[in-house]
Amino acid sequence: MAQKVVAIRGDISSENLGIEDFKVRQDMWKEIDIIINIAATTDFYDRYDISFDINTLGALNVLSFARKCTNMKMLLHVSTAFVGDLNGEFMLEKPLYMGETLNKAIKLDIEMEKKVIEKKLNELRQQNLSEKKITEAMKDFGNERARLYGWSNTYVFTKAMGEMLLNQFKDDDMILIIIRPTMIPADMVVNAMLMAMMNHESEVSKNIIIYHVGSSSRNILTFGACIDYTYQYFSVNRFTSKTGKSFKIKKFKLLRTMPKFSNYVAIHYGLPLKVLRLVNVFFWQKYKKLYVELDLKHKVLMRLVETYKPFMFMKGVFDDTNTENLRITVRDNHIMNNEAFIFDPKMINWDDYFINTHFPGLMKHVVTKKR
């Protein structure tokens, strides 16, 4: 593997992908014929300027680099299925066009968005704010701009703009494949990517080929099922804090509508906070520290709810007609080893996946490493 793979330091948000060595760039432009772009910031609540540079302009930088490759055949770009309208009933595998928005009421100008970001940053810096304050302001600004155009958060908005740029500026003789994953095991996404490249390697297509790689239309996974799996796993495998304290998980109460959730939070969290604030007034801010701490937690909770609300309550299904046709083609034409490159969501046993793969992997590779 070491003889076949060469790691080169770069930066997707920079011209020429941040590859400074001209000789290395020349060699890459001469030898590369396929580019796979999976670089992204996937934080739903990241700074708008950072998300825009990586997810939007980064996609254009990759395309610009690809156009300099003399033997370039194919660019495969990994996006997200959530660039579509989550309020719809059936989200199609169709491209996004320059200026298109989900709310249909206002046209999107990506070049103007770049100027809006620069103006906002200049305004914040002129106020001599700390970097932490600027970061918080740019995070809120990203979600504000996303919702203005109909998207739910900064991440999906900047990924959508990245797709628009690829669609607008790709060469007619370059194959462009966009993979839009949803909730599905990552190895199946990788398998779909490999099979898509194998299937289209000899084509010369003027059209963008889009694949939704998910399970919603063929092996449905509900939010309620995810909650049940979480309770099932952590009831047996208790979560332990950094200090070694073990937590007993309680059965989740699933609130199926936003009004029900809002009422629950108002009664169990909002009302006690108001009472505590009154107590502080009468007792000379004796519990001020406690109030500030709880109020901050309440605000963080509501911010998270606002960010993830569209995903928790969405009723739509992702169309995967193109992906299903790809599966059929791979099977019928015996492209590579079918058993080794499965990406059929019907093969997923969600119970087994969550209990024996997802949560153990999450605890080992994410939670433990962050401690």
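So, how was this worked out
- Residues numbered from 1 in each chain as written.
- Predicted model: local features only at pLDDT ≥ 70, side-chain atom pairs only at ≥ 80, totals over all residues.
- Heavy atoms only, no water.
- Phe/Tyr/Trp six-rings, centres within 6.5 Å; stacked < 30°, edge-to-face > 60°.
- Helix = DSSP H or I, 4+ residues; strand = E, 2+ residues; numbered from the N terminus.
- Buried < 20%, exposed > 50% of the residue type's maximum accessible area, 1.4 Å probe, protein only.
- Salt bridge = Lys/Arg side-chain N within 4 Å of Asp/Glu carboxyl O.
- Expected span 1.5 Å × (residues − 1).

Enquirer: What exactly am I supposed to notice about the packing of aromatic side chains here?
Expert: Two descriptors summarise a pair of aromatic rings, namely the distance from one centre to the other and the angle between the planes of the rings. For the structure on display, the rule yields 17 aromatic pairs. Seen from their ring centres, Trp350 and Tyr353 are 5.9 Å apart, and the 75° between their planes marks the pair as edge-to-face. Remark: Tyr353 and Trp350 occur in helix α11 (residues 350-370); sequence separation between them is three residues, near one turn of the helix. Across this residue pair, the class does not change: Trp350 and Tyr353 are buried. Look at Trp350 and Phe354: their rings are 6.0 Å apart centre to centre, the planes differ by 45°, and that puts the pair in the tilted class. Pair noted here: Trp350 and Phe354 are both in helix α11, with a separation of four residues, about one helical turn. For Trp350, a relative accessible area of 5% corresponds to the buried category. Linked through ring pairs, Tyr229, Tyr233, Phe234, Trp350, Tyr353, Phe354 and Phe359 together constitute an aromatic cluster.

Enquirer: Is there a simple way to think about the pattern of salt bridges in this case?
Expert: Side chains that differ in charge, positive against negative, can pair when their charged atoms come close. This structure, assessed with the given rule, holds 17 salt bridges. Note that Asp171 is salt-bridged to Arg67, the shortest N-O span being 3.2 Å. Placement of the pair is Asp171 in the loop between α5 (154-169) and β4 (175-181) and Arg67 in helix α2 (residues 48-67), with a sequence separation of 104 residues. Relative accessible area serves as the criterion here: at 23%, Asp171 is assigned to the partly exposed category. Between Arg218 and Glu324 there is a salt bridge, with its nearest N and O atoms 3.7 Å apart. Of this pair, Arg218 sits in the loop between β5 (208-213) and α7 (223-236) while Glu324 sits in helix α10 (residues 321-333), placing them 106 residues apart in sequence. Salt bridges sharing partners connect three or more residues here, namely Arg218, Asp320, Glu324 and Arg327.

Enquirer: Sorry, what's going on with α7 here?
Expert: Along an α-helix, a turn takes 3.6 residues, which lines up residues three or four apart on a common side. Taking 1.5 Å of rise per residue, the 14 residues of α7 would be expected to cover 20 Å, and the 21 Å separating its terminal C-alpha atoms lies within 8% of that figure. Residues of α7 that are buried include every one of Gly224, Ala225, Cys226, Ile227, Tyr229, Thr230, Tyr233 and Phe234, and no others.

Enquirer: Explain unusual backbone geometry to me, please; I cannot follow it from the model alone.
Expert: What you tend to see is this: most non-glycine residues have negative phi, and most peptide bonds are trans. Backbone geometry at Lys104 places phi at a positive 65°, although glycine is not the residue there. Turning to its location among the elements, Lys104 is positioned in the loop between β3 (90-91) and α3 (110-126). Despite not being glycine, Asn128 has its phi angle at roughly 55°, a positive value. Mapped onto the elements of the fold, Asn128 is located in the loop between α3 and α4 (131-149). Classification of Asn128 as exposed rests on a relative accessible area of 70%.

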